[in-house]
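Observations on chain architecture
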2 protein chains.
Amino acid sequence: MSALHLKRVEAVRELMADNGWDAVIISGTDPHSSEYPAPRWKQVEWVSGFTGEAGDIVITMDHAGLWTDTRYFIQALEQLQGSGIELHKMRVPEQVSIPEWLHLTFPDGGVVAVDGLCQSFGAMSELAPLSIVDMPDMLDGLWEERPLIPCTPIETVGEEQVGESRADKISWLRKFLLQNECDACLLTSLDEIAWLLNVRANDIEYNPYVISYLLVTQECVKWFVLKEDDGADEDTIDSFDDISSDEVEICSYGELLDGLSVARTEGDRIFVDPSTLSYTVGKQVSDLYGDENLVQGASPVKLRKAVKNETEIACMREAHFEDGLAMEQFLFWLEKEVSQRVVTEWEASEKLTSFRAAIPGYRGNSFENISAYGKNAALPHYCTPAVGSAEIQRHGLYLVDSGGQYIFGTTDITRTVPMGPCTALEKEDYTLVLKGMIQLAMAVFPKGTAGCQIDAAARMPLWRARRNFGHGTGHGIGFYLGVHEGPQDIRQNFNRQALLPGMIQSDEPGLYREGMHGIRHENLVLCKEAGSSEFGEFLEFETLTLCHIDTSAIDRDLMNQEELDWLNAYNDRVYETLGPALNPEIRTWLRAKTSMIL
Amino acid sequence: MSALHLKRVEAVRELMADNGWDAVIISGTDPHSSEYPAPRWKQVEWVSGFTGEAGDIVITMDHAGLWTDTRYFIQALEQLQGSGIELHKMRVPEQVSIPEWLHLTFPDGGVVAVDGLCQSFGAMSELAPLSIVDMPDMLDGLWEERPLIPCTPIETVGEEQVGESRADKISWLRKFLLQNECDACLLTSLDEIAWLLNVRANDIEYNPYVISYLLVTQECVKWFVLKEDDGADEDTIDSFDDISSDEVEICSYGELLDGLSVARTEGDRIFVDPSTLSYTVGKQVSDLYGDENLVQGASPVKLRKAVKNETEIACMREAHFEDGLAMEQFLFWLEKEVSQRVVTEWEASEKLTSFRAAIPGYRGNSFENISAYGKNAALPHYCTPAVGSAEIQRHGLYLVDSGGQYIFGTTDITRTVPMGPCTALEKEDYTLVLKGMIQLAMAVFPKGTAGCQIDAAARMPLWRARRNFGHGTGHGIGFYLGVHEGPQDIRQNFNRQALLPGMIQSDEPGLYREGMHGIRHENLVLCKEAGSSEFGEFLEFETLTLCHIDTSAIDRDLMNQEELDWLNAYNDRVYETLGPALNPEIRTWLRAKTSMIL
């Protein structure tokens, strides 16, 4: 592919020369700062061939670079070979960010062109004093057959799943606006809009969002969404009716600016979140309302959405019960099949999806399955190829990281499965990672504690053996929404967001040895009250994920009694909960798999 | 004392009325933002009677308040009784800082008077848009017999102790100035000046500093210090000779501004640290150099001073050997005496000091001994009264937190000593705190890790039992300098300063039950290299403190094997290291005290 990408970089340079630009930034996101963009906005992949989930390109007349983080270094080096595009490493101590690099490269100023739809309003301020030229859809002229903006059927979710009506959520947001002396709020983040309106679609693979903008004022709610006036499917028409009945006006995606103009009264103050507002739209809104009336802050929806209500929690338990049954069926199938014949990573992945797809309410996977045997698992974000994927051998470790989207929740689970005899090092690594996962699962902490303050609990067993992993320990997860969401996380950063009761996040330490093996154990954990004393109020985690953890690769001597007790209790709970719903053959197998280790 | 303090508050209000001020801030620090001020600057104590080490007063016409943190709540409530001064709590979630409170109280603006010598330049900017009136030594007219600025004999410390010459330190600072395009640096922090000039004195109790300012340019070094032209003692004269031989000019403390004027060339840029520069001096420097030439930043001396060199580390080991011998003699004496007669907290404290004072090179204690029996120990910063202190009983827990200043280092150690039978709760708390101390002592972590990212290691055993403590887990410690120093710490904050090899800090979790007992176990730990692997470079702690930890109050069932192994190894090392230097009676006693628990 390298010749193709060399040509595309050159085409961009011709555009630069024609327009007198010194540099172009090509962003890997969409007009809503989505983590995963629809094909239309995979501009980084189109230019460079890099398929990682995070990366931005900068092209100058004599340099082309891809900025990405630790997760994708190996993949980027492979995919960029021959393209002339160099890797710039992020999340390393010596990192130089894109704005920093541009300032160093053009100390006397320069003209930087961007597709302002795919740049966040907040990020662009870092480019000053460089001149910015905003060229929305800049690549349109070069990219033949560029995909259209997606427009998939829209469904609504009811209070029986999400626990709160659309009308109540709108009322809550209006109260927030009053408290903050704002007249309007423009929501730009797709998961926030889906949450607020109780709508879902499939505009982005794995992410059940509707590409749209939402304006909420005290007087009106306008939803700017792609619609075929006549050609919409029946489900979508029903959904529009339902949504309209809550006095939400359905408007066209392309008519955002008109809609804002109509809704605005002189002097209105509008609240926006600069982290998900695009540069192009941000400038338009700022021109319309006036700079002084643009109130920038973190969207309040983000935090409220992260704190699940009782209904959502109950549904998430159900989702994990169903998902656990699918996982156990898969693991049983895997063990049996591999003992008899050749099974590839791809086949295993497809089989796992088929078990999930059989669950009523299944709406797809929550991300692309990672099905990786042996050294392939050393790539934390390995992409299993449909053709030519590795065979799963009868020894060593197989890693499967996967999850489902259900109308009653979202799951995300990783199991590392010993396929037969394991080396001492594999066992040691397997056990140390497991200790980390258990230590975090057992954590108790005072209210007000942030994830970065307890992240070390999951890492200390690895650190003490001079081992470590380069990704976060935990991310928030949506309710039939994105598999990654904020504002909380558990990682080595300085994110001050406290973990709150009702938040659900992953507990997923790992260990990756290039060319050898990769290990990750991942459960989702619910943060909840853990009682109070004269020393304050405390919180703890409840593990939601239900799927046994294989004990055959455990180095018993590395585990302390408390960790063993946790593991035995967990495996027993998995058996007691899932067993009755499994067929006798799998139930018997699971009983053996979950037998206590002493 | 309350009538006296009521009168003093009223006297301040008269001053306010005469001058048309709306509020007065009285700060608990000195012109160098010292943690512990000399008596002259104990203005908060003079006004309010509060003797805690951290606190500021705000007086308005109808309110008087003391702002202090969790450590001093109980003490403040006692000492403020009847004074009409109310407690404002800091380091609690609902805290309202002094600037915030003033903005809320005077929403339409107001005039706030401060003694600008005792306010940091950095902090005053938070008062805007309130009007600030700077009245240096504001209380002079009210405070009869206010103490003078202290001026104690000055000694120099040699390279054999501190490992680096004055000339080399000055060269290093000049390089820093060149790199940062500055022409001059005004050091205002007393410990930084003492470190840079390799000088010590006793101007502040427990803190071996010289009240002074230091100007360093490429051409000159001017030390602004109190000196009696004829009346200086011989040691000080010798020290001045030594210092002058390194081309450091000795100037008068009162002639700072003149000295700066003489040294300055038009357009010079001067580096200052706004956190230790006073408001009064800051304004003067800014007026002299011009706002645009005032370069504000964290003093580079702070970080460099915190990273001890090989000589300092070797000396600190020696200090801990000597200090450990004193502690063991004291603990032996305590056990024997208490078994035979009445011993008070005060007598014990005095006895401990006498053991330390017998060490050659002893220069005083590093802070006021905390000698607290039973419920008194529940006050983390209990001040043992000379008259009427409690008797140490033959049951329960006695806490002693103390340290020495030696020409070869500084120590800080807390031992909680079971004096006989202990209750189950005392044992449980004793053991959980000990587990926390051991867990942190055993920590290994990657380079780049900050203290706040591993603080939870010391707290998790307590948190899991729904217990906690309200102070930091660890503070940096100086080398024959302040017992508290930054920039690193280990606590529940978001301080990004990484722990670096050579840094020495405390490991001191605790637990305090009001009216019952208080427990703290404290060792000093040296951060050092712990090897590297494909996963990066790692650091660990070496415990420097040498004094046995009593095992008689341990609840064995709460300890895991790893913690027991650590404790047994530590106690054995204490015996093997100190034993040969102790007299046979104490040695035999120590052998028993350090016998393994299984």
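These notes cover the structure that comes with them. (Residues numbered from 1 in each chain as written. Chains lettered and ligands numbered in written order. Predicted model: local features only at pLDDT ≥ 70, side-chain atom pairs only at ≥ 80, totals over all residues. Heavy atoms only, no water.)

**A closer look at the overall build of chain A**
- The secondary structure content of chain A amounts to 18 helices and 28 strands.
- In terms of C-alpha radius of gyration, chain A reaches 25 Å, essentially the compact-globule figure of 25 Å for 598 residues.
- Projected onto its principal axes, the C-alpha positions of chain A cover 70 × 55 × 55 Å.
- When contacts within chain A are restricted to residue pairs at least 6 apart in sequence, long-range pairs at least 24 apart make up 69% of them.
- Summed over all atoms, the accessible surface of chain A reaches about 22,800 Å², with 50% contributed by carbon and sulfur.
- Averaging the locations of the 49 positively and 94 negatively charged side chains of chain A gives two centres separated by 7 Å. (Helix = DSSP H or I, 4+ residues; strand = E, 2+ residues; numbered from the N terminus. Rg over C-alpha atoms; globule rule 2.2 N^0.38 Å. Contact = heavy atoms within 4.5 Å. Areas by Shrake-Rupley, 256 points an atom, 1.4 Å probe, with all protein chains shown as cover. Lys, Arg positive; Asp, Glu negative; His and termini not counted. Charge placed at Lys NZ, Arg CZ, Asp CG, Glu CD.)

**Quick word on the sheet that holds strand β6 (residues 131-134) of chain A**
All names here are of chain A.
- Strand order in the open sheet made by the six strands is β4-β3-β2-β1-β5-β6, with mixed pairing throughout. Every interior strand has two partners, whereas the edge strands, β4 (86-90) and β6, have only one. Between one strand and the next, the sheet's axes are offset by a mean angle of 25°, whatever the strand orientation.
- Of the strand pairs in this sheet, strand β1 (residues 23-26) and strand β5 (residues 111-114) are connected by three bridges, and their pairing is parallel. Considered in β5, the bridge of I25 is made with V114. (Pairing = 2+ DSSP bridges. Axes fitted to C-alpha atoms, helices over the stretch in contact; angles between N-to-C directions.)

**Structural notes on the sheet that holds strand β13 (residues 270-272) of chain B**
All names here are of chain B.
- Within the open sheet, the six strands sit side by side as β12-β11-β10-β8-β13-β14. Their pairing is mixed. Two strands bound the open sheet, and with one partner strand each, they are β12 (248-252) and β14 (294-296). For this sheet the average axis-to-axis angle between neighbouring strands, irrespective of direction, equals 25°.
- In terms of strand pairing, β13 meets β14 through three bridges, oriented parallel.

**With respect to the packing of aromatic side chains**
Residue and element names in this part refer to chain A.
- The full count for this structure, using the stated rule, is 26 aromatic pairs over all chains.
- Between Y213 and Y253, the ring centres sit 5.2 Å apart and the planes meet at 15°, which makes this aromatic pair stacked. In this pair, Y213 sits in strand β10 (residues 212-217) while Y253 sits in the loop between β12 (248-252) and α10 (256-263), placing the two residues 40 residues apart along the sequence. Per residue, the accessibility class of Y213 equals that of Y253, and both read buried.
- Pairwise contacts between aromatic rings join Y362, Y406 and F408 into one cluster.
- Stacked on the ring of W195, the Lys or Arg K169 has its end atom at 4.2 Å from the ring centre.
- When the ring centre of Y289 is taken as origin, the NZ or CZ atom of R264, which lies over that ring, is 5.5 Å away. (Phe/Tyr/Trp six-rings, centres within 6.5 Å; stacked < 30°, edge-to-face > 60°. Buried < 20%, exposed > 50% of the residue type's maximum accessible area, 1.4 Å probe, protein only. Lys NZ or Arg CZ within 6 Å of the ring centre and 35° of its normal.)

**Focus: the pairing of strand β23 (residues 485-490) of chain B**
All names here are of chain B.
- Counting buried residues in β23 gives five out of six residues, a clear majority hidden from the surface.
- The sheet contact formed by strand β22 (residues 474-476) and β23 spans three bridges and is antiparallel. By the bridge assignment for β23, G476 is matched with E485.

**With respect to the side chain of H471(B)**
All names here are of chain B.
- Looking at where H471 falls in the secondary structure, it is placed in the loop between α16 (455-464) and β22.
- For H471, a relative accessible area of 11% puts it in the buried group.
- Looking at H471, its side chain comes within polar contact range of the side chain of Y512, at 2.7 Å.
- Once you skip the residues sitting within four places of it in the chain, H471 turns out to touch R71, P380, R459, R491, E508, P509, G510, Y512 and R520. (Polar contact = N/O pair within 3.5 Å; in protein donor to acceptor, adjacent residues only side chain to side chain.)

**With respect to the relation of the copies chain A and chain B**
- For the match of chain A to chain B, the screw axis carries a shift of 0.1 Å, the RMSD comes to 0.1 Å, and the turn is 180°. Put plainly, the chains are arranged around a two-fold axis. Nearest to the rotation axis, the C-alpha of Q453(A) is located 2.6 Å from it, this being the minimum over chain A.
- Counting the interface residues of chain A, we find that 97% of their copies in chain B are interface residues as well, pointing to one common contact surface. (Least-squares fit on C-alpha atoms with pLDDT ≥ 70 in both.)

**Re the interface of chain A and chain B**
- Taken together, the 35 residues of chain A in the interface contact 34 residues of chain B.
- Taken together, both faces of the contact between chain A and chain B bury some 3,000 Å²; the carbon and sulfur share is 56%.
- One can count six salt bridges joining chain A with chain B.
- Here E540(A) ties to R466(B) by a salt bridge, and the two come within 3.4 Å at their closest N and O atoms.
- At the junction of chain A and chain B, the tally comes to 12 residue pairs in polar contact (both at pLDDT 80 or more).
- Among the secondary structure elements, those contributing two or more residues to the side of chain A that touches chain B are β21 (444-446), α16 (455-464), β25 (510-513), β27 (523-533) and β28 (536-543) of chain A.
- Top element by residues in the side of chain A that touches chain B is α16(A). It accounts for five residues.
- Considering only residue class, the side of chain A that touches chain B consists of 18 nonpolar, nine polar and eight charged. (Buried area = accessible area lost by both parts, 1.4 Å probe. Salt bridge = Lys/Arg side-chain N within 4 Å of Asp/Glu carboxyl O. Nonpolar A, V, L, I, M, F, W, Y, C, P; charged D, E, K, R; others polar.)

**Side note on the packing of helix α13 (residues 310-340) of chain B against helix α18 (residues 584-593) of chain B**
All names here are of chain B.
- At their nearest, the axes of α13 and α18 sit 10 Å apart, and the two run at 85° to each other. If you check the angle between α13 and α18, you find them roughly perpendicular. Seen from α13, the contacting residues are E328, Q329, L331, F332, E335 and K336; seen from α18, they are E585, I586, W589, L590 and K593.
- Grouping the constituent residues of the contact of α13 with α18 by class yields five nonpolar, one polar and five charged. (Parallel < 35°, antiparallel > 145°, perpendicular 65-115°, else oblique.)

**What to know about the environment of F50(B)**
All names here are of chain B.
- Take F50: it is sitting in the loop between α2 (43-48) and β2 (56-60).
- On the basis of relative accessible area, F50 is assigned to the buried category, the value being 2%.
- With 29 residues separating them in the primary sequence, F50 and Q79 have C-alpha atoms 5.6 Å apart.
- If sequence neighbours within four positions are ignored, F50 has contacts with V44, E45, G55, L66, T68, Y72, Q75, A76, Q79 and L80.

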